[in-house]
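Summary of the model geometry
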Amino acid sequence: MIFTPLASSSAGNAYLVTDGESRILLECGIPFRRLQRILSFTAHELDGVLITHEHKDHSASVEKMLECGVPVYASPGTVRTLELDGVVPFLLSVGRNMGPPFRVGSFTVVPFRTFHDAAEPVGYLLRGRDGEQLVFATDTVGLNYTFRNVQIYALEANYQEERLALSTRIPPERIKRIRQTHMEIGRLCEYLARQDLTGCREIWLLHLSDSSSNEGYFVERVRQTVGPGVTVRAAPKAADEKGGKRRG
């Protein structure tokens, strides 16, 4: 399985994952034309798009994807909020934190609830045809799940509390929202320390704040938490137009 961040910031999010047979886009929150330029193939060759929630930096190009005939999947609450015909709601029963698995191409997808100020936000556990697994969760204040045999984690690492508290450019109301809806680096490290990382080879840090994060410090802190043998990278704010990656 290969996970490739295309864009990861409050300005827009998009991530490509492939298992050698199918290609899935996680989020499509950047302009469609730019997304087409970044991808080395046309959008209609995607097997599907998974959206975590309705905010525009994660869903801006949903309508264009539907026009291209690409299946788009989201939680029932997200589908209702988007108000777009054609988005497929997967089952997510009231009172249950994880939904039943469903198929997108060669992938098995298991949605799970996250914690954000959106209608019904989710993350995803993806299992490829080779049995490898990816856990993807962004825009969430925390996670309470235990996963096993995961090769790739791609998780929110938005801010550092010390930096956020000292910020003079962010209004108090926004600081309050950040603390209530996004994952702090210390909380992420606490979460990872509780996981069985046997078999894990990559951890991607997503959605770093422009003003309240430090990429080098975040990467090193996670490396110290998880120990040797796991590659830790920060997802780029945007890939270059040829599909390469900047930073990290």
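Before reading further, recall that the structure is shown in the block above.
This text gives an overview of the structure that appears in the document.

Thresholds applied
Residues numbered from 1 in each chain as written. Predicted model: local features only at pLDDT ≥ 70, side-chain atom pairs only at ≥ 80, totals over all residues. Heavy atoms only, no water. Helix = DSSP H or I, 4+ residues; strand = E, 2+ residues; numbered from the N terminus. Rg over C-alpha atoms; globule rule 2.2 N^0.38 Å. Buried < 20%, exposed > 50% of the residue type's maximum accessible area, 1.4 Å probe, protein only. Contact = heavy atoms within 4.5 Å. Areas by Shrake-Rupley, 256 points an atom, 1.4 Å probe, with all protein chains shown as cover. Lys, Arg positive; Asp, Glu negative; His and termini not counted. Charge placed at Lys NZ, Arg CZ, Asp CG, Glu CD. Phe/Tyr/Trp six-rings, centres within 6.5 Å; stacked < 30°, edge-to-face > 60°. Polar contact = N/O pair within 3.5 Å; in protein donor to acceptor, adjacent residues only side chain to side chain. Pairing = 2+ DSSP bridges. Arc of directions from axis to C-beta.

Let us now look at the overall build of the protein chain. For the protein chain, the helix and strand inventory stands at eight helices and 13 strands. Scaling as 2.2 N^0.38, a compact globule of 248 residues should have a C-alpha radius of gyration of about 18 Å, and the protein chain matches this with 17 Å. With the principal axes as the frame, the protein chain shows a C-alpha extent of 45 × 45 × 40 Å. The 248 residues of the protein chain split such that 57% are buried. Expressed as a percentage of contacts within the protein chain between residues at least 6 apart in sequence, the contacts between residues at least 24 apart total 58%. Roughly 11,000 Å² of accessible area belongs to the protein chain as shown, and the carbon and sulfur atoms make up 48% of that amount. One way to put it: in the protein chain the 30 positive side-chain charges average out to a point 2 Å from where the 29 negative ones average out.

As enumerated under the stated definition, the model contains 11 aromatic pairs in all. Judged by centre distance (6.0 Å) and plane angle (55°), the rings of phenylalanine 3 and tryptophan 204 are tilted. Taken together, the residues span a long stretch of sequence, with phenylalanine 3 in strand β1 (residues 2-9) and tryptophan 204 in strand β12 (residues 202-206) at a distance of 201 residues. Accessibility assignment for this pair places phenylalanine 3 and tryptophan 204 in one class, buried. A connected cluster of aromatic rings, assembled from ring pairs, spans Phe3, Tyr15, Phe136 and Trp204.

Take the side chain of glutamine 195 next. Topologically, glutamine 195 is positioned in the loop between α7 (185-194) and β12. Exposure remark for glutamine 195: the relative accessible area of 9% places this residue in the buried category. Among the polar contacts made by the side chain of glutamine 195, one reaches the main-chain amide nitrogen of phenylalanine 147 at a distance of 3.2 Å. Dropping the residues within four chain positions of it, glutamine 195 is found in contact with Tyr145, Thr146, Phe147 and Tyr153.

A large share of β1 lies buried, amounting to seven of its eight residues. Both β1 and strand β2 (residues 12-18) contribute to a ladder of seven bridges, which runs antiparallel. What sits directly across from alanine 7, in β2, is alanine 14. A loop of two residues connects β1 with β2, the two strands running antiparallel in sequence.

In this section: helix α6 (residues 172-181). If you check which residues of α6 are buried, you get Ile175, Ile178 and Thr181. Buried residues along α6 cover an arc of 150° about the axis, so they all sit on one side. Along α6, exposed side chains directed more than 90 degrees from the buried face belong to Pro172, Glu173, Lys176 and Gln180. In this fold, the buried residues of α6 make contact with α5 (161-166).

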